[in-house]
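Single-letter residue listing:
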Amino acid sequence: MKSCQVSIVVPCYNEDQAVKAFHRALVDALEPTRQEFEVCYVDDGSDDLTRSQLIYLASVDERVRYTAFSRNFGKEAAMLAGLRMSRGDSVVLMDADLQHPPELVPRMLELRRHGYDQVIARRDRDGEGALRSFLSRSYYRAMGHFMEVSVVDGEGDFRLLSRRAVDSVLTLPESNRFSKGIFSWIGFDTVSFTYPNAQRVAGRSKWGSRRLLNYGIDGVLSFNNRPLRLAIYAGLLLALAAMAYALWTIVGVLRNGVGVPGYTTLLTAVVALGGIQLATLGIVGEYVGRIYCETKNRPHYLVRESSDHPGSPAPEPPIRATGGGASATGSGRSHTVRQFLTFAAIGVVNTAVYLAVYATLNTWIPYLAAHVIGYCVSIIGSFFLNSRITLRTRPTWRAFLRYPLSSLVNLVLSGALLYVGVSHLGMGKNVAALAAGILATPFSFLVARWAITSGADATREPEPGPLADSRTGRTGD
Ligand code: UDP
Ligand code: MG
């Protein structure tokens, strides 16, 4: 195996608009250093022309090597594949969108010559939205207390690793990888410097708010068991509080005799305890889920082809699914039927939600107010469930505002059908109401689908695969 001085590892997912510009900038930055280098691109199952572009780059520049995955496995898996491919004495991890400026690489190599095993380029937060900046900063501050390794705000994956640091990273076998924690965990002599935040040169970020939130949770759970401890402390604290309350009640009974038991206090205590138990169960479940994933011992990714083992020529990118919700592949009709059945099931769930909210609230507030709140909660819930589960689309404000139309259509149509059934067809009132409800559902489904997906191509999310939760690895946040 031929070794070289420097390997640059670049994970790419749908970067066909950026990768050529990136390669040019990288070569321009590295050639003056007179170091022997290779660039290891990893195509993370892109559905645009990224793979064809990598094949092209490898054919015109012998310093380029690539690996292409069979599907999108996430940035963590792509970085791991790149590190495994790399043969350099030093390895630099970089994004393909030029947010990690290639002109900083010579400076990193210089610091490596001073003996550092990790050189971290840390970005500042200039030009970032105030809310995002605030949330990220708060997250890292909280992480400082929570995690057993130190993860610093702005220090992402843009870093140089010495060969022994890379080998150490590769000895860690976990399938649920959180690189920022792993880099910190391996230790060695580390130095960092700050550079101004840059915007993406083309394309768009793959990190929506849900993915970021999951990544944040991964970070918390990957490197410590403090959430479990917190659950134990919360349980103990509550038990103590309950004992104190029992004592206080007993003293009250001894002094004043038995009073009327407080319904509200009881309900509040039951609900609060239920919530804490559920949250604790969720935390335990997360850890158990992780153990389950680890024991399956699946590979982190599957390779479709690599520059060492070229495969079939890259196909044209598939036509993207349209806003109507029908898939470009497979039968559009069965797709619609599946969507409709999911929509109907969510309708049942939402009716239950409405009833639960209504029944809980009407003991405290006027029943009509309880009805309105229950109705609003069920519409909001139905909107999010149908966006995420039925139509697999990111919810938008525009869709949210249009969505109540579907309930309106349902109300008007079922009312009209009920009228026809009872007054003209002589049906029983209950049977007519049931039939009207069933007949109106397909129409409200169509309106709901239009409300959620019309003009939503840009926000459409990929269908989650079995390893979707391993798609982690935002650059610096
Ligand atoms: N990336 C990847 N797989 C993914 C998501 C992203 O390989 O599932 C790559 C992406 O092509 C880019 C880098 O990871 O080179 C950082 O992604 P992005 O720019 O979307 O993240 P951000 O800069 O917004 O944090
Ligand atoms: Mg980026």
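Definitions and limits used
- Residues numbered from 1 in each chain as written.
- Chains lettered and ligands numbered in written order.
- Predicted model: local features only at pLDDT ≥ 70, side-chain atom pairs only at ≥ 80, totals over all residues.
- Heavy atoms only, no water.
- Helix = DSSP H or I, 4+ residues; strand = E, 2+ residues; numbered from the N terminus.
- Buried < 20%, exposed > 50% of the residue type's maximum accessible area, 1.4 Å probe, protein only.
- Areas by Shrake-Rupley, 256 points an atom, 1.4 Å probe, with all protein chains shown as cover.
- Phe/Tyr/Trp six-rings, centres within 6.5 Å; stacked < 30°, edge-to-face > 60°.
- Polar contact = N/O pair within 3.5 Å; in protein donor to acceptor, adjacent residues only side chain to side chain.
- Salt bridge = Lys/Arg side-chain N within 4 Å of Asp/Glu carboxyl O.
- Pairing = 2+ DSSP bridges.
- Axes fitted to C-alpha atoms, helices over the stretch in contact; angles between N-to-C directions.
- Contact = heavy atoms within 4.5 Å.
- Near = heavy atom within 4 Å.
- Nonpolar A, V, L, I, M, F, W, Y, C, P; charged D, E, K, R; others polar.
- pLDDT = per-residue confidence, 0-100.
- Right-handed = clockwise from strand over helix to strand, strands pointing away.
- Patch = residues over 30% accessible without salt bridge, like charges linked within 9 Å, V, L, I, M, F, W, Y side chains within 5 Å.
- Arc of directions from axis to C-beta.

## Examining the overall build of the protein
Assigned secondary structure in the protein consists of 15 helices and 8 strands. Looking at the 477 residues of the protein, the share that counts as buried comes to 40%. As presented, the protein carries roughly 25,800 Å² of accessible surface, and 65% of it is formed by carbon and sulfur atoms.

## Structural notes on the packing of aromatic side chains
One pass over the full model with this rule turns up 12 aromatic pairs. Plain terms: the ring middles of Phe-22 and Tyr-41 are 6.2 Å apart, the flat faces sit at 80° to each other, and that makes the pair edge-to-face. On the criterion of sequence distance, the pair formed by Phe-22 in helix H1 (residues 19-30) and Tyr-41 in strand S2 (residues 37-43) is long-range, its members being 19 residues apart. Residues Phe-22 and Tyr-41 agree in their burial class; the two are buried. Each ring, one from Phe-340 and one from Phe-445, has its centre 5.5 Å from the other, and the planes form 70°; the classification is edge-to-face. Of this pair, Phe-340 sits in helix H11 (residues 332-361) while Phe-445 is found in helix H15 (residues 429-453), placing the two residues 105 residues apart along the sequence. A residue is classified by how much of its surface remains accessible, and Phe-445, at 4% relative accessible area, is buried. Taken together, the ring pairs connect Phe-383, Phe-384, Trp-397, Phe-400 and Tyr-403 into an aromatic cluster.

## Observations regarding the environment of Glu-305
By the secondary structure assignment, Glu-305 is in strand S8 (residues 303-306). Among the residues examined, Glu-305 registers a relative accessible area of 3% and is labelled buried. In terms of polar contacts, Glu-305 uses its side chain to reach the side chain of Arg-51, at 2.5 Å. A polar contact of 2.7 Å, which involves the side chain of Glu-305, links it to the side chain of Tyr-66.

## A word on the pattern of salt bridges
This structure, assessed with the given rule, holds 11 salt bridges. Arg-63 is the partner of Glu-31 in a salt bridge, and the nearest nitrogen-oxygen pair spans 3.0 Å. Of this pair, Glu-31 sits in the loop between H1 and S2 while Arg-63 sits in the loop between helix H2 (50-60) and strand S3 (64-69); the two residues are 32 residues apart in sequence, bridging distant segments of the chain. Notably, a salt bridge pairs Lys-75 with Asp-157, separated by 2.8 Å at the nearest N-O pair. One end of the pair, Lys-75, is in helix H3 (residues 75-85); the other, Asp-157, is in strand S6 (residues 155-162), and 82 residues separate them in sequence. For the pair Lys-75 and Asp-157, one class covers both residues: buried. Residues joined in a network through salt bridges with shared partners are Glu-38, Arg-65, Arg-87 and Asp-308.

## Digging into the sheet that holds strand S4 (residues 88-93)
Spatial ordering of the open sheet is given by S7-S5-S6-S4-S1-S2-S3-S8, a layout of 8 strands whose pairing is mixed. Of all strands in the sheet, those with a lone pairing partner are strand S7 (190-195) and S8, marking the two edges. Averaged over all pairs of adjacent strands, the angle between their axes in this sheet comes to 20°, without regard to strand direction. Judged from the 6 bridges that link them, strand S5 (residues 118-123) and S7 form a sheet pairing that is parallel. Bridge pairing links Arg-123 to Tyr-195 in S7. Running over the sheet, H3 touches strand S1 (4-12), S2, S3, S4 and S6 and is turned about 145° from S2. The strands that helix H6 (residues 163-171) touches are S4 and S6; relative to S6, the one it contacts most, it runs at about 115°.

## Some remarks on the site of ligand 1
The full set close to ligand 1 counts 19 residues, and Glu-15, Asp-44, Asp-97, Ser-205 and Lys-206 are the nearest of them. Between ligand 1 and Asn-72 there is a distance of 3.1 Å, counted from an oxygen atom to a side-chain nitrogen or oxygen. Between ligand 1 and the protein, one listed contact pairs an oxygen atom with a backbone N or O atom of Ala-96 at 3.0 Å. Look at ligand 1: alone it shows 530 Å² of surface, and the protein chains cover 99% of it. The class makeup of the residues in the shell around ligand 1 is 5 nonpolar, 5 polar and 9 charged.

## Considerations on the confidence of the model for the protein
For the protein, the average pLDDT comes to 80, and 86% of its residues sit at 70 or higher. Residue range residues 457-477 is modelled with pLDDT below 50. Its contacts to residues more than four positions away, or to other chains, number 78 contacts.

## Re the pairing of S3
Among the 6 residues that make up S3, 6 are buried, leaving the element largely enclosed by the rest of the structure. Burial along S3 is two-sided: the face carrying Val-64, Tyr-66 and Ala-68 and the face carrying Arg-65, Thr-67 and Phe-69 are both buried. Inspection of the sheet shows S2 paired to S3 by 5 bridges, in the parallel sense. Looking at the pairing, Val-42 lines up with Thr-67 of S3. For the crossover from S2 across H2 to S3, the handedness is right-handed. Bridge count between S3 and S8: 3 bridges; the pairing is antiparallel. Note on S8: the bridge partner recorded for Ala-68 is Glu-305.

## Comments concerning a nonpolar patch on the surface
Judged by side-chain polarity, Leu-405, Leu-408, Leu-411, Val-412 and Trp-450 come together as a nonpolar surface patch covering roughly 500 Å² of accessible area. When residues in the nonpolar patch are grouped by element, the largest group, 4 residues, is from helix H14 (residues 404-424). Following the sequence through the fold, Trp-450 ends up in helix H15. Classification of Trp-450 as partly exposed rests on a relative accessible area of 40%.

## Regarding H2
Every buried residue of H2 is accounted for by Thr-50, Arg-51, Gln-53, Leu-54 and Leu-57. The buried residues of H2 all sit within an arc of 160° when viewed along its axis, so they share a single face. Seen from the open side of H2, the exposed residues pointing more than 90 degrees away from its buried face are Ser-59 and Val-60. Residues of H2 that are buried make contact with S1, H1, S2, S3 and S8.

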